[in-house]
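Survey of secondary and tertiary structure
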Amino acid sequence: MDETREQIDGLWGTLGYKRIGVIYPEDAFGAAVLEGCKAALKAHGAEPLAVASYQRQTAQVGGAIDTVKAANPEAVVVVGPSNTVAPILKQSHTRSWKPLFLTVSFVGTDELILEAGTEADGTVITQVVPPYYLTEFKTVALYRRTLAKYLPTAQPNFVSLEGFVDAMVLVEGLKRAGKDLTREGLIRGIESIHDLDLGLGPQLKLDYSAKDHKGFDHVLPTVIRGGRAVPFTDWAPRPRSNSKYANIPV
């Protein structure tokens, strides 16, 4: 998984954090992210310091917190939707436990900020699209204009921006599939997309093949500050700033 590799490589290679724990839900997605963490750590000749699971879709996460906390990790990858990750952050801070928490885009960044409030500050979240307020990217600007036109009461967020980009990919595939549309033709159309600039910045070029259906190979790390996910350009620690781009503060 690209997101967990980005997280582990940043923690290990730049911050020098070697003691890394994982808290994940007992479901297929949680298991997939755990395996991604294990694979990323294995590349560094290591494994998770401590691992604990919790029942999916529950706020009963105290046991998992206590298990991983006991190992005293420097950073913890937390997996799940916002309604389970928010309680993990809140209950951990109530226990005066504040390692560097990280999670993946699946969490729903804006929902996590809403549910966890100030307890979400400092959490690192890897994203698969740029922040929705960076309108210097032409597709982000198009998304904002389109949302304002057709859903003027809706608030922009990461999830709907990702859906907008997904729709752009589908449309591009339909164009390439030709007039006599078939399932196989659509698949071939999407698989023919190579190094396509979607207007999301130079790092996010769309690329498919018959053997690779990921689309993007790059992810964007962000850190929550003052109720907003702020992108950072590398994992080196820096003082806090008011810039819309920043480095991670640790």
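Higher on the page you've got the structure.
Residues numbered from 1 in each chain as written. Predicted model: local features only at pLDDT ≥ 70, side-chain atom pairs only at ≥ 80, totals over all residues. Heavy atoms only, no water.

**Some remarks on the side chain of Q127**
- For Q127, the location among the structural elements is in strand β5 (residues 124-127).
- Engagement of the side chain of Q127 in a polar contact is seen with the side chain of T109, the distance being 2.9 Å.
- With sequence-adjacent residues up to four places away left out, Q127 is seen in contact with E3, S105, T109, F158, V219, L220, T222 and A229. (Helix = DSSP H or I, 4+ residues; strand = E, 2+ residues; numbered from the N terminus. Polar contact = N/O pair within 3.5 Å; in protein donor to acceptor, adjacent residues only side chain to side chain. Contact = heavy atoms within 4.5 Å.)

**Comments concerning the pairing of strand β7 (residues 205-209)**
- Burial along β7 is one-sided: the residues L206 and Y208 are buried and none of K205, D207 and S209 is.
- Of the pairings in the sheet, the one linking strand β6 (residues 196-197) to β7 comprises two bridges and is antiparallel in character. Bridge pairing links D197 to K205 in β7.
- Relative to strand β8 (residues 212-215), β7 runs antiparallel, the two sharing two bridges. (Buried < 20%, exposed > 50% of the residue type's maximum accessible area, 1.4 Å probe, protein only. Pairing = 2+ DSSP bridges.)

**A closer look at the packing of aromatic side chains**
- One pass over the structure, following the stated rule, counts six aromatic pairs.
- With centroids separated by 5.5 Å and ring planes inclined at 85°, the aromatic side chains of W97 and F101 adopt a geometry described as edge-to-face. The exposure classification of W97 matches that of F101, with both residues buried.
- Taken together, the ring pairs in this structure connect Y132, Y133 and F158 into an aromatic cluster.
- One Lys or Arg, R228, reaches over the ring of Y133 and ends 3.7 Å from the middle of that ring. (Phe/Tyr/Trp six-rings, centres within 6.5 Å; stacked < 30°, edge-to-face > 60°. Lys NZ or Arg CZ within 6 Å of the ring centre and 35° of its normal.)

**Considerations on the packing of helix α7 (residues 158-177) against helix α8 (residues 183-191)**
- Running from N to C, α7 and α8 point in directions that differ by 110°, and their axes come no closer than 7 Å. Here α7 lies roughly perpendicular to α8, going by the angle between them. For the element pair α7 and α8, the recorded crossing hand is right-handed. Listed contacts from α8 to L170, G173, L174, R176 and A177 of α7 are G185, L186, G189 and I190.
- In terms of residue class, the contact of α7 with α8 is made up of five nonpolar, three polar and one charged. (Axes fitted to C-alpha atoms, helices over the stretch in contact; angles between N-to-C directions. Parallel < 35°, antiparallel > 145°, perpendicular 65-115°, else oblique. Left-handed = near helix turned anticlockwise from the far one by under 90°. Nonpolar A, V, L, I, M, F, W, Y, C, P; charged D, E, K, R; others polar.)

**With respect to the pattern of salt bridges**
- One pass over the full model with this rule turns up seven salt bridges.
- With a closest N to O distance of 3.4 Å, R56 and D27 form a salt bridge. With R56 in the loop between β2 (50-54) and α3 (62-69) and D27 in the loop between β1 (20-25) and α2 (28-42), the pair connects residues that are 29 residues apart, well separated along the chain.
- For R56, a relative accessible area of 46% gives the class partly exposed.
- With a shortest N-O distance of 2.8 Å, E172 and R176 are connected by a salt bridge. Here R176 and E172 lie together in helix α7, a separation of four residues that amounts to about one turn.
- When its relative accessible area of 37% is taken as the criterion, R176 is described as partly exposed.
- Among the charged side chains, a salt-bridge network with shared partners connects D2, R5, K214 and D217. (Salt bridge = Lys/Arg side-chain N within 4 Å of Asp/Glu carboxyl O.)

**Some thoughts on the pairing of β2**
- Only one face of β2 is covered, namely the face carrying A50, A52 and Y54; the face carrying V51 and S53 is uncovered.
- With five bridges joining them, β1 and β2 adopt parallel strand pairing. When the bridges of β2 are listed, Y24 appears paired with S53.
- Traced from β1 through α2 to β2, the parallel crossover comes out right-handed. (Right-handed = clockwise from strand over helix to strand, strands pointing away.)

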